[in-house]
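Here is what each chain is made of, one letter per residue.
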Amino acid sequence: MNVPTISIALCTYNGSKYIKTQITSLINQTLKPSEIIICDDNSSDDTLEIIRSIEAPFPIHIYENKPALRTVKNFERAVSLCTGDLIMLCDQDDFWIPTKLEVMSKYMTQHPKTNVLFSNALLVDENLNSLGKKMWETVNLYEHELQRWKNGHSTEILMAGNRVTGCTMCFRKSFVSEVIPFPTQIDKDFIHDGWIAMLASITNSIDFINEDLIWYRQHPAQQVGAKSYESIVQEKVTLKNRFTRPKTEKIGPFLSKALFYKKIIDYILENTSHKIEELDPLARAFEHYNLRAELPFKPRYKRFIPALVNYYKGNYHKYCHLGSSQLGILQAMIGDIVE
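Figured I'd write up the structure that's included with this text. Only a predicted model underlies this, so the values are computations on that prediction, with no experimental measurement involved. (Residues numbered from 1 in each chain as written. Predicted model: local features only at pLDDT ≥ 70, side-chain atom pairs only at ≥ 80, totals over all residues. Heavy atoms only, no water.)

1. Some details on unusual backbone geometry
Residue Pro 67 is reached from Lys 66 by a cis peptide bond, and omega for that bond is 5°. Summarising the element assignment, Pro 67 is placed in the loop between β3 (60-64) and α3 (71-81). Note that the residue after Ile 180, namely Pro 181, is joined by a cis bond; omega there is 10°. Counting through the fold element by element, Pro 181 comes out in the loop between α8 (176-179) and α9 (192-201). Positive phi is not limited to glycine here, since Asn 42 has a value of about 65°. (Helix = DSSP H or I, 4+ residues; strand = E, 2+ residues; numbered from the N terminus.)

Below, the structure is given as structure tokens:
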């Protein structure tokens with residue numbers, strides 16, 4: 001069986017402090033890449049000088065963006081320049097364990113229907129000391145969710161919040177034509193890794209390896225870092241506020257969610273080969289949030305049947321917030337009726 005060629009798409013911006021350590025970890029891989037594509041986003045420090053001073057047993061191609069493209073479009077450019085059978089996204093400040101390329105390449109070779117693969121990661125401080133926590137813990141990707149993922153529910157899991165970090169990701173060159181261009185107009189927090197994962201999930205062609213194949217460095221200067229569920233959980237609404245807050249305050253988040261899913265659906269239909277019939281989880285999410293936003297304000301009894309039907313369809317369960325309990329899900333439905 002032929003070993004696939006591998007391109008590493010590495011984006012840099014003022015990364016002089018950590019870039020040599022990262023590239024050294026790429027050079028020390030047990031399976032070497034065929035190339036590293038580096039797109040630098042108009043760095044003002046000596047990042048490029050450091051890169052050019054490094055000797056590697058494979059080509060390192062450097063491209064400079066002037067003016068800067070910012071993170072998402074910088075990665076888009078890097079991916080578009082890759083020529084390998086497999087593409088791995090790389091941040092400038094992490095550390096890849098020596099077997100990362102070998103492990104992921106082997107898996108992709110053995111699973112030809114998998115378009116995207118991702119792994120877990122160990123969180124470390126700026127000096128690469130373990131913080132005693134894994135990446136998947138920060139996004140609530142535990143055994144129960146992993147089993148649901150294996151059972152074909154990856155889209156629904158991703159809709160509760162992205163669980164896939166770009167620097168742990170590997171995907172096929174043949175998949176690039178589907179994912180590029182990366183959308184930037186859907187939502188500021190919906191970036192390239194979430195888009196790639198979501199698109200692959202539609203055909204259940206995204207899988208995972210529960211191994212820490214990178215050390216994910218946490219430091220004050222990073223552009224995108226690991227955010228725990230606890231750090232992004234929404235402010236709880238008190239019982240009193242449920243009956244006194246303005247209607248616009250209640251339905252605002254539902255309207256935003258409905259618009260978010262409509263934008264994703266429209267973008268997929270306009271820019272990929274997928275048909276509306278393949279987008280059922282996304283369409284159901286749009287209908288769920290749109291229904292919650294359009295429940296009649298008065299009289300309240302007219303909300304009862306639509307909300308109850310929506311509950312028994314399982315939509316409150318499928319599209320709940322990360323970490324929601326069964327009681328919290330039931331309270332959300334009751335709140336739609338009585339608030």
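Anyway, onward from the coordinates.
2. Overview of the packing of helix α14 (residues 304-312) against helix α16 (residues 326-338)
Each packed pair of helices is defined by two parameters, the angle between the axes and the distance between the axes. At their nearest, the axes of α14 and α16 sit 9 Å apart, and the two run at 160° to each other. Looking at the two axes, α14 sits roughly antiparallel to α16. Where α14 crosses over α16, the two elements pack in a sense that is right-handed. Packed against α14, whose contacting residues are Phe 304, Ala 307, Leu 308 and Tyr 311, the element α16 presents Ile 329, Leu 330, Met 333 and Ile 337 at the interface. Grouping the constituent residues of the contact of α14 with α16 by class yields eight nonpolar, no polar and no charged. (Axes fitted to C-alpha atoms, helices over the stretch in contact; angles between N-to-C directions. Parallel < 35°, antiparallel > 145°, perpendicular 65-115°, else oblique. Left-handed = near helix turned anticlockwise from the far one by under 90°. Contact = heavy atoms within 4.5 Å. Nonpolar A, V, L, I, M, F, W, Y, C, P; charged D, E, K, R; others polar.)

3. Some points on helix α4 (residues 100-110)
Those residues of α4 that sit buried are Lys 100, Leu 101, Met 104, Ser 105, Tyr 107 and Met 108. Buried residues of α4, viewed axially, fall in a sector of 160°; they line one side. (Buried < 20%, exposed > 50% of the residue type's maximum accessible area, 1.4 Å probe, protein only. Arc of directions from axis to C-beta.)

4. Quick look at the environment of Thr 184
Here Thr 184 lies in the loop between α8 and α9. Its relative accessible area of 48% is what places Thr 184 among the partly exposed residues. Excluding residues that lie within four positions of it along the chain, Thr 184 makes contacts with Val 72 and Lys 73.

5. A few points about the nonpolar core
Taken as a class, soluble globular proteins show a tendency for nonpolar side chains to be buried jointly. Of all hydrophobic cores here, the largest spans 89 residues; its most connected members are Phe 171, Trp 195, Ile 196 and Leu 282. Ranked by residue count, the leading element in this core is helix α12 (residues 247-271), at nine residues. Ignoring any residue separated from it by four or fewer positions in sequence, one finds Leu 282 in contact with Met 159, Met 198, Tyr 261, Ile 264, Ile 265 and Ile 268. If you look at the next biggest cluster of nonpolar residues, it comprises six residues, including Ala 307, Ile 329, Met 333 and Ile 337. (Core = buried A, V, L, I, M, F, W, Y, C linked by side-chain atoms within 4.5 Å.)

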